[in-house]
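Observations on the three-dimensional arrangement
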Amino acid sequence: MLEKIFGKKTVVAASSISDRMTTVKSKHIPAHVAIIMDGNGRWAKRRNLPRIAGHHEGMKKVRVITRIANDLGVKVLTLYAFSTENWKRPKLEIDFLMKLPGEFLSTYLPELIEQNVKVEMIGNFDMLPEHTKKAISKAIEETKHNDGLTLNFAMNYGSRLELVESVKEIVALVADGSINPEDIDESLIGSHLMTAHLPEPDLLIRTSGEVRLSNFMLWQLAYAELSFTDVLWPDFDEICMLNAIEEFQLRNRRFGSVEGNGDV
Ligand code: FPP
């Protein structure tokens, strides 16, 4: 009843993070959480800092959210770190963003390894600067046998481009006679996406009050629960993550059917 009156506030009230984690873990944990990390620029502007200071602070939150996602038992955390549209930003900002994987991984890779985290990437790898490729490749290589959380960076990623590439691959298979047009179904298309080996996201979080998908995992998010918060990404902490997952746990997911699963 109180929950109905006060909504989410009742759910997030009281108790320490660890108590809340215990409660959250006793319910259904989303296997795949995808996050559009937005608001770094505004965070910096409010402090009269350059935009890159916001990105740097945002990088620190990647560490915090990776840790709690892993502790909660999330299997995949996909973070939208750089879109195919972000090349339109000023060169200085792009250069800074391209250096972040190197800085993040040179600082935190040992910690990720200790936490059994597996680093992966979706997006166009070839177009990235050499130093970015090197940092990401090293992390992928050194964590490839880990079987805890998959920390999946969407880097130079665009969903439409991903779909275009998958269509080209499928058309080539039809052209060389490997498959017939009738063989094309949802699962075949899914198997030609960069996320083919991953479960579809159960929960999408976007920070900073923007309510759009911005060319992010358009196919994969078809049945995801969406969570939008006004919190800017550099301020998004463990409490915010728990709030989002608790909100997810209260949803009744029906996947187009009439009956929900009664749980999520
Ligand atoms: C959008 O905020 C954010 C980005 C384009 C970059 C996100 C990157 C990080 C949070 C760091 C990634 C870390 C690693 C390790 C790769 P915005 O700049 O559009 O913010 P605004 O809308 O307030 O201007």
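Residues numbered from 1 in each chain as written. Predicted model: local features only at pLDDT ≥ 70, side-chain atom pairs only at ≥ 80, totals over all residues. Heavy atoms only, no water.

The condition is simple: UniProt positions are given in the numbering used here, feature names are shortened, and annotations may be inferred rather than shown by experiment.
Looking up the protein in an unreviewed UniProt entry gives the name Isoprenyl transferase, with the organism given as Sporosarcina psychrophila. As stated in UniProt under Sequence similarities (unreviewed entry), the record for the protein gives "Belongs to the UPP synthase family." Within the UniProt record for the protein, the comment given under Subunit (unreviewed entry) is "Homodimer."

**Comments concerning the sheet that holds strand β4 (residues 150-157)**
Rules: By the convention used here, strands pair only if DSSP detects at least 2 bridges between them. Here a helix means four or more residues in a row that DSSP labels H or I, a strand means two or more in a row labelled E, and each is numbered from the N terminus. Inter-axis angles, ranging from 0 to 180 degrees, are taken between N-to-C directions of lines fitted to C-alpha atoms, where helices are fitted over the stretch in contact. The contact rule is simple, with two residues in contact once any of their heavy atoms fall within 4.5 Å.
Spatial strand order, β3-β4-β2-β1-β5-β6: six strands in an open sheet with parallel pairing. Lying at the two open borders of the sheet, with one neighbouring strand each, are β3 (118-122) and β6 (225-228). Taking the axes of each pair of neighbouring strands and ignoring which way they run, one obtains an average angle of 20° across the sheet. Pairing between strand β5 (residues 203-206) and β6: four bridges, direction parallel. Bridging across to β6, Arg206 finds its partner in Phe228. Running at roughly 160° to strand β2 (residues 76-83), helix α5 (residues 51-72) makes contact with β1 (32-36), β2 and β4 of the sheet. This element, helix α7 (residues 130-143), spans β3 and β4 of the sheet and lies at about 135° to β3.

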